[in-house]
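Here's the letter readout for the chains.
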Amino acid sequence: MQITDDTLEDSQLMTINFGPTHPATHGTLHLIARLDGERIRDAEPIIGYLHRGKEKMGEHLKYNQYLTMTDRMNYLSPALNNVGWCLAVEKLMGITPPPRARWVETIACEMARIMDHMVCNGINAFDVGAGTVFFYMFQQREVLTDIFEKMTGARLTITWPRVGGLPYDLPADFKDDVRKFLKGFYPIVDECEKLLKNNRIFLDRTVGVGAISKERAISYGYTGPCLRACGVSYDLRKREPYLCYDQVDFDVPTGEHGDCYDRFFVRMEEARQSARIIEQCLEKMPDEGPVAVDDYRVILPPKEKVYKEMEAMIFHFKLVIDGVKPPPGEVYQGLEAGNGELGFYIVSDGSGKPYRVKVRSPCYYIYSSYTEIIRGLMISDVVAVLGSLNIIAGELDR
Amino acid sequence: MGVELIRGDNFVTARLADVVNWARKSSLWPFPFGTACCGIEMMSTLASRYDMARFGAEAVRFSPRQADLLIVAGTICNKMAPVLKRIYDQMSQPKWVIAMGACASCGGIFDNYTVVQGIDQIIPVDMYVPGCPPSPQALMYSFTKIQGLVQSGQGLSLDPMPEAVPSVPV
Amino acid sequence: MNSAAISAKVAGAIPGACVEALEFQGQTTLQVRRESLKEVLAFLRDDPDILMNQLLDVTAVDYPARADRFDVVYILASIREDGLAPVRVRIKTRIPDGAALPSVTDLWRSADWGERECFDMFGIRFEGHPNLKRILNPDNFYGYPLRKTFPLRGERDPAFLEYKETEPA
Ligand code: SF4
């Protein structure tokens, strides 16, 4: 269906600015497109409107303080980023938190993934004209934010696990809350899927739009749902299991064509699988037991001890002033975040602050392919593709 | 408002300014300048659970010419600052500005080379909302405060522009 | 294929390329000479046993006191569908300030933005890159923020003047 007239001179093309405050660009993405009528001949994405210097900040913050930065990276799923950071630092230090902490972190990760996919798909549907889905899905997200609020004290920026485990145990009715959420969650996903699966308008806007081949996707550094939509069954949770993913059973949904439609439904199915994982975790996790490593050089001693024992007070003081101190060395630890492989590359010089932090953000590399996948599409498809790639500026620009 | 009924219930007298302000405050059209994490909380405020429509502000406009309330939700970096300034200048009078969150108010936790340390360095701000991110309730509270300002005909944009902030040609 | 086997294989295929193979917490880093960097990367990508078909990230680390000031790090991964255990390896090379590395945009598309970011943040140039310009910082930005000598608060810090003197753009 190519009707682009390639004989047009360059000077006859129209240049338009798209963003950075266009509603569909999430406020921070900027695209300069060369248009041939309604078709995109060429485009240049401009990023950096939300560059907040997080890697530089990393060199000036202690390991546990850096959690405040990871919170604000992919702000649709803060728990995933935080757990990723803690995993990386734990790897650097060679410590393993007790099983209960691992199980709880797994649950938190999956809850965060559901939050991410709900908002992403909701907005994607909203952008192509299906407003109802957005409100339904946001409702589910609100339930999850409530659970997180109960668990950690904050709705969004939770700063929650610590290096070496959890700072405090779960609230008493955590399991009931999550079960209640799951009960309401499945019908909503089914319903939203029914609403869109054979919807003529939705199909027209998404099928075959923004497709990318397997090989190109891998070369562009795609990971996560966008890669799986191209038909590659690659999931870090399966390939290099971390946390408790080797003890639970779940499927890795894949698409076929790597277009917007596939990406949408891969995310939907993934959210369902996440719910399945949570169910199993609730069954399998131990109800009792410590939630952090038993080492006061890593985790703050309990307050009663600090008040009563000299030694605990010294540990408390040292940990607050100096922070945790990993040995010199460097590690790279990746985890399957909402958008793909989120990796932290940490170089430590043995002091309480990292020497260098590099965040490998999934969006960054996915977005670098944007020019290629929108070339030849209509200007209105730009929005559909952008939504389905789930570009989060906080993670993109860091 | 000083409303008075005369001649049965057919005529009402009031001050014109009061009536206009009352209409204006009940139908503020916000421009959501959401750049970062606070933008998500702003979205929650607009979405099903908190629902800004209850205050007559569900008609979000992404064209500055149609909006009269600018909600700056999120970090503003040096690269973004000229854009924000231009958007503000493009909005027509009268206009109000909410700085939502620590970043917009003062730079927040990002005291570094790229982040503007508070949008009040570039545009006048009527209302600051503390929090990182502020809860939807906090945003709604600030919104009602803005409504109070509108009703009483106050607002920084109604004062002459401070000298220190030159206008960008629109 | 474990990490020791990889370094042996690289050493066998391109003699003299590897300076050092480091092992830390079960992760491998190969330090290679600057001249053979691209050769090694191409080998790792194309060798059917290793098949590093994805360049996860390109980044650098600044050591201002060293003569070869920067460590440029390539993080590689293999995405394969035959179910073989995945391997990861990091390639590191040292370059002095002002020197350039060959661009690997022709090997992996993801190197495009990775190298641009590296240039933006450290001022490391990559020869043969199609579009090497700033990406995250505005075009009129002065300096390279992730260098250790760059003050955290940038222009608002008095130390910025010193930075401007010692490291002209
Ligand atoms: S105030 Fe906090 S939540 Fe809001 S944009 Fe800034 S960092 Fe994000």
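Note that the structure is a prediction, hence the values are computed from the model and not measured.

Student: When you look at the domain arrangement of chain A in this model, what are you seeing that I'm missing?
Tutor: A common way to report how large an interface is uses the accessible area buried once the components associate. Residues and elements named next belong to chain A. The domains assigned to chain A are domain 1 (5-46) and domain 2 (54-397). The distance between the C-alpha centroids of domain 1 and domain 2 comes to 32 Å. In this complex, domain 1 contributes 18 residues to the contact, which on the side of domain 2 involves 17 residues. Between domain 1 and domain 2, a total of about 1600 Å² is buried, with carbon and sulfur atoms accounting for 66% of that surface. Taken together, the connections running from domain 1 to domain 2 amount to one salt bridge. Taking the shortest distance from any N to any O, the salt bridge between Arg375 and Asp42 comes out at 3.2 Å. At the boundary of domain 1 with domain 2, the tally comes to seven residue pairs in polar contact (both at pLDDT 80 or more). Secondary structure elements with two or more residues in the side of domain 1 that touches domain 2: β1 (14-18), β2 (30-36) and β3 (39-46). Per element, the largest residue contribution to the side of domain 1 that touches domain 2 is six residues, and it comes from β3. By residue class, the composition of the side of domain 1 that touches domain 2 is nine nonpolar, five polar and four charged.

Student: Looking at this structure, I do not really get the packing of helix α4 (residues 99-127) of chain A against helix α5 (residues 131-152) of chain A. What am I missing?
Tutor: For any two helices packed against each other, one specifies the crossing angle of their axes together with the interaxial distance. Residues and elements named next belong to chain A. Axis separation between α4 and α5 bottoms out at 8 Å; the angle between their running directions is 155°. For the element pair α4 / α5, the angle class is roughly antiparallel. Crossing of α4 over α5 shows left-handed handedness. Of α5, the residues touching α4 (which contributes Ala108, Met111, Ala112, Ile114, Met115, Met118, Val119, Asn121, Gly122, Ile123, Ala125 and Phe126) are Gly131, Val133, Phe134, Met137, Phe138, Gln140, Arg141, Leu144, Thr145, Ile147, Phe148 and Met151.

Student: I would appreciate a short explanation of the environment of A:Gly19 in the present structure.
Tutor: Residue and element names in this part refer to chain A. Take Gly19: it is sitting in the loop between β1 and β2. On the basis of relative accessible area, Gly19 is assigned to the partly exposed category, the value being 22%. C-alpha of Gly19 to C-alpha of Lys91: the two residues are 72 residues apart in sequence and 40 Å apart in space.

Student: So what exactly am I meant to see when it comes to the pattern of salt bridges here?
Tutor: Two side chains of opposite charge can pair, provided their charged atoms sit close to one another. Residue and element names in this part refer to chain A. For the coordinates displayed, the defined rule picks out 59 salt bridges over all chains. When the shortest N-O distance is used, the salt bridge between Glu193 and Lys197 registers 3.8 Å. Taken together, the residues Glu193 and Lys197, both in helix α6 (residues 174-197) and four residues apart, mark about one turn of the helix. The exposure class of Glu193 is buried, given its relative accessible area of 12%.

Procedures and definitions
- Residues numbered from 1 in each chain as written.
- Chains lettered and ligands numbered in written order.
- Predicted model: local features only at pLDDT ≥ 70, side-chain atom pairs only at ≥ 80, totals over all residues.
- Heavy atoms only, no water.
- Domains from an automatic or database assignment.
- Contact = heavy atoms within 4.5 Å.
- Buried area = accessible area lost by both parts, 1.4 Å probe.
- Salt bridge = Lys/Arg side-chain N within 4 Å of Asp/Glu carboxyl O.
- Polar contact = N/O pair within 3.5 Å; in protein donor to acceptor, adjacent residues only side chain to side chain.
- Helix = DSSP H or I, 4+ residues; strand = E, 2+ residues; numbered from the N terminus.
- Nonpolar A, V, L, I, M, F, W, Y, C, P; charged D, E, K, R; others polar.
- Axes fitted to C-alpha atoms, helices over the stretch in contact; angles between N-to-C directions.
- Parallel < 35°, antiparallel > 145°, perpendicular 65-115°, else oblique.
- Left-handed = near helix turned anticlockwise from the far one by under 90°.
- Buried < 20%, exposed > 50% of the residue type's maximum accessible area, 1.4 Å probe, protein only.

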